[in-house]
Structures are given as C-alpha cells and as structure tokens.
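Read off the chains here:
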Amino acid sequence: SIVWVESYTRAVRRRRPDGRIEDLAVLPAPVVPDGLKRAANGDFYVTGVDSGTVEIVAADGTPRGRLAVGRVPTNCLFDGTALYVTDGGRPGLAATDLPSGALWRLELDGIAGAPLFDGSININI
C-alpha cells in the first residue's frame with residue numbers, strides 16, 4: 001500500500017494494491033498534516049503544521065496520541081529510536097523578520113522507524 005497525507009482535507013489516505021483509496025484518518029483541526037514517517041510497529045507519525053504537534057496514527061487509522069513539538073513542524077525522520085522533526089518557525093520569534101526554524105530530537109522509548117523501502121513502485125492508473 002501507499003500512504004500519504006493531504007493538507008487541505010487533513011486526511012491520512014492509503015491506496016491499496018487493488019487500487020482502492022481509503023481514508024485511514026481525518027485529523028482534527030487545527031492539525032494540518034505535512035510530513036509522514038512510519039514506525040517499525042506500523043504506526044504513522046504525521047507532522048501538524050498549525051497544531052505544533054506530531055500526530056500518531058495506528059495502521060488501522062486509530063489515533064494513538066500526539067507529541068507536542070515546536071511551533072510549525074513540517075517533516076520528520078527516524079534515526080534509530082530518535083524522531084527528528086523540522087520546524088519552520090514563525091516570523092517574529094527572532095531579532096530579524098525572517099522565520100526562525102529549528103530541528104527537534106525526540107527520543108521515543110524503544111520505538112524505531114520502519115526500514116526504508118529499497119525498490120520501485122509501479123502504478124497503472
């Protein structure tokens with residue numbers, strides 16, 4: 001299956017091998033999903049741009065919790081049991097008018113990222 005997030009609909013969606021597309025979850029406002037990574041246990045970690053959170057969604061779409069991080073989390077990446085989260089910041093947080101971003105490191109108590117897919121995807125639409 002292919003899983004992705006849609007910012008405008010706040011949906012976490014999946015395309016099954018038979019071509020069916022389904023909503024795994026629709027995240028609550030003000031969460032605007034942007035980045036997505038999968039943990040080895042099957043959970044999805046979804047960055048929420050407007051909520052300042054990383055939402056945790058089980059493979060079946062069940063909400064599993066959230067991690068409060070930064071201000072504008074845009075993407076995430078596993079490195080072992082650490083989750084790194086990029087944060088776009090907001091103008092006005094620094095002495096300049098430029099956004100002040102950050103990189104957050106969260107230790108996840110034994111939860112590691114899923115191995116990367118080493119192959120190709122062919123979709124006939």
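Residues numbered from 1 in each chain as written. Predicted model: local features only at pLDDT ≥ 70, side-chain atom pairs only at ≥ 80, totals over all residues. Heavy atoms only, no water.

Trainee: For this particular structure, what's the right way to read the side chain of Arg14?
Mentor: The topology assignment puts Arg14 in strand E2 (residues 11–15). In this structure the side chain of Arg14 is engaged in a polar contact, spanning 2.8 Å, whose partner is the side chain of Glu22. Those residues in contact with Arg14, other than ones at most four positions away along the chain, are Ser1, Ile2, Val3, Trp4, Arg20, Ile21, Glu22, Leu24 and Ala59. (Helix = DSSP H or I, 4+ residues; strand = E, 2+ residues; numbered from the N terminus. Polar contact = N/O pair within 3.5 Å; in protein donor to acceptor, adjacent residues only side chain to side chain. Contact = heavy atoms within 4.5 Å.)

Trainee: Teacher, can you tell me more about the pairing of strand E9 (residues 82–87) here?
Mentor: On any regular strand, side chains alternate: one points to one face of the sheet, the next to the other face. The sheet contact formed by strand E8 (residues 73–79) and E9 spans six bridges and is antiparallel. Following the sheet pairing, Pro73 is matched in E9 by Asp87. Remark: two residues form the turn of the hairpin made by E8 and E9, two consecutive strands paired antiparallel; Gly80 in that turn has positive phi of roughly 65°. Inspection of the sheet shows E9 paired to strand E10 (residues 102–107) by six bridges, in the antiparallel sense. In the sheet register, Ala82 faces E10, and the bridge partner there is Glu107. (Pairing = 2+ DSSP bridges.)

Trainee: It is not clear to me how the sheet that holds E9 should be interpreted in this structure. Could you clarify?
Mentor: Across a sheet, paired strands are connected by hydrogen bonds in the backbone, their directions being either parallel or antiparallel. If you walk across this open sheet you meet the three strands as E8-E9-E10, and the pairing is antiparallel. For this open sheet the edge positions go to E8 and E10, each flanked by a neighbour on one side alone. With strand direction ignored, the average angle separating the axes of adjacent strands in the sheet is 20°. (Axes fitted to C-alpha atoms, helices over the stretch in contact; angles between N-to-C directions.)

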